[in-house]
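Close look at the chain arrangement
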Amino acid sequence: MNLSLDRPLAFFDLETTGVNVGSDRIVEIAILKLWPNGKKEEKRHLVNPQMPIPEETSNIHGIWDKDVENEPTFEDLAPALFLFFKDCDLGGFNSNKFDVPLLVEEFYRAGLDFDLTDRRLIDVQNIFHKMEQRTLAAAYKFYCDKSLDDAHSADADTMATYEVFLAQLDRYDTLKNDMEFLHEFSKRGNFADLMGRLAYNKKKEIVFNFGKHRNKLVKDVFRSEPSYYNWMMKGDFPQSTKTILKKIKLELDKENK
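The rules we used
Residues numbered from 1 in each chain as written. Predicted model: local features only at pLDDT ≥ 70, side-chain atom pairs only at ≥ 80, totals over all residues. Heavy atoms only, no water. Helix = DSSP H or I, 4+ residues; strand = E, 2+ residues; numbered from the N terminus. Rg over C-alpha atoms; globule rule 2.2 N^0.38 Å. Buried < 20%, exposed > 50% of the residue type's maximum accessible area, 1.4 Å probe, protein only. Contact = heavy atoms within 4.5 Å. Areas by Shrake-Rupley, 256 points an atom, 1.4 Å probe, with all protein chains shown as cover. Lys, Arg positive; Asp, Glu negative; His and termini not counted. Charge placed at Lys NZ, Arg CZ, Asp CG, Glu CD. Salt bridge = Lys/Arg side-chain N within 4 Å of Asp/Glu carboxyl O. Phe/Tyr/Trp six-rings, centres within 6.5 Å; stacked < 30°, edge-to-face > 60°. Lys NZ or Arg CZ within 6 Å of the ring centre and 35° of its normal.

1. Considering the overall build of the chain
Looking only at helices and strands, the chain has eleven helices and seven strands in total. For 257 residues, the compact-globule estimate of 2.2 N^0.38 gives 18 Å, and the chain sits close to it at 19 Å. Taken along the three principal axes of its C-alpha coordinates, the chain extends 60 × 45 × 30 Å. The buried share of the chain, reckoned over its 257 residues, is 49%. For the chain, contacts bridging at least 24 residues in sequence account for 59% of all contacts bridging at least 6. By element, 47% of the accessible surface of the chain is carried by carbon and sulfur atoms, the whole surface being about 13,300 Å². Charged side chains of the chain number 37 positive and 44 negative; the gap between the two group centres comes to 8 Å.

Following this line, the structure appears as C-alpha cells:
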C-alpha cells in the first residue's frame, strides 16, 4: 500500500537506559523517514547517555556501557536530528506514551524546543490494541506472518512497526489512509501533555489526571494550593509536562497583576 502523505512521516524507535521519561536517556535511535513522493531515508545512531546503563536493561536490548562510551551524546546529535525530524509527523510502537515524550525530553536537555503542536502522532500500538490487543512481536506475526527475531533492536523494531502499520491499513477497511484520521485514532486519551498527567475536560480546560487533584482544574489548584505547583516543578515529572504548568502559572500571575 502507498501511504497517503501530505508531509513526511518519520517512524522511529528508541532504546534507553530505562523507562522513566523524566530521568532516563537514549542509547540508540533509529528513524525511517517516508516522503510523500515515496522516497525513504533511514538513520541510526548509538548514543552515549552519560550515565550507566543498568545491567537488567542491557540484558533486554543488548547495548552495554562499552558499546556507547565512545559514541556521540544526544546533545551532539541533536541539531542534525532536529533538522531530520523537521516538518515530520511521527510514528512508532507505544510511541505516544514513551518514545515521543522521551525524545522531547532529550531535545529539551539539548536546548531545543521540539514543538509537537502541528505534528500528527501515529501510534501503531494503539491501533493494534484497539483492533487486536497484543504485542509488537505478536503484531508482526499476526499481520505480516513473520517472526521478529531481533526484538529490542531499534532497527528491527522500527522496520517491523512500519510493516505492521502498512498491513493494518490493508486489513481494516475502517482505517483511513489519512494521517489526520490515524493521528486521532492513535490517541490513548484526550491528554494535554505527553505522559497523560494532564488532560482536557469537556470544556477543553486543562485538569489534573492523577493523584488527589484528579479532574480538578490546574489553575484552580494553583490558586488554592500554590505549593502544589512548586512540588510538581521540583518533582520527577517530564519537562514537557512542566512546560505546560509554567504557561498556566504565568497566565495566573498576569491575572493577579
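Still to come is the rest of the account.
2. Section: the environment of K43
Relative to the assigned elements, K43 resides in strand β3 (residues 40-46). Assessed through its relative accessible area of 31%, K43 is described here as partly exposed. Each C-alpha atom of the pair K43 and L32 lies 6.7 Å from the other, and the pair is eleven residues apart in sequence. Apart from residues lying up to four places away in sequence, K43 is in contact with I29, A30, I31 and F84.

3. Observations regarding the pattern of salt bridges
Side-chain pairs of opposite charge can arise whenever the charged atoms involved come near each other. Taken as a whole, this structure holds 16 salt bridges when the rule is applied. Between K187 and E184 there is a salt bridge, with the nearest N and O atoms lying 3.3 Å from each other. In this structure K187 comes out as partly exposed when scored by relative accessible area, which is 30%. Exposure remark for E184: the relative accessible area of 41% places this residue in the partly exposed category. Among the charged side chains, a network of salt bridges with common partners joins D6, R7, D89, D118, R120 and E180.

4. Quick notes on the packing of aromatic side chains
Aromatic ring pairs are defined here through the distance separating the ring centres and the angle between the ring planes. This structure, assessed with the given rule, holds 19 aromatic pairs. On the basis of an interplanar angle of 80 degrees and a centroid distance of 5.6 Å, the ring pair of F82 and F107 is categorised as edge-to-face. Taken together, the residues span a long stretch of sequence, with F82 in helix α3 (residues 74-84) and F107 in helix α4 (residues 95-109) at a distance of 25 residues. With a relative accessible area of 0%, F107 lands in the buried category. Here the aromatic rings of F208 and F222 are separated by 6.0 Å at their centres, their planes lie at 70 degrees, and the arrangement is edge-to-face. Highlighted residues: F208 in strand β7 (residues 206-208) and F222 in helix α9 (residues 218-224), separated in sequence by 14 residues. Here the two residues F208 and F222 agree in accessibility, since each one is buried. Grouped by ring-pair contacts, the aromatic residues F208, F210, F222, Y228, Y229, W231 and F237 constitute a single cluster. Above the face of the F210 ring, R197 is positioned so that its terminal group lies 5.0 Å from the ring centre.

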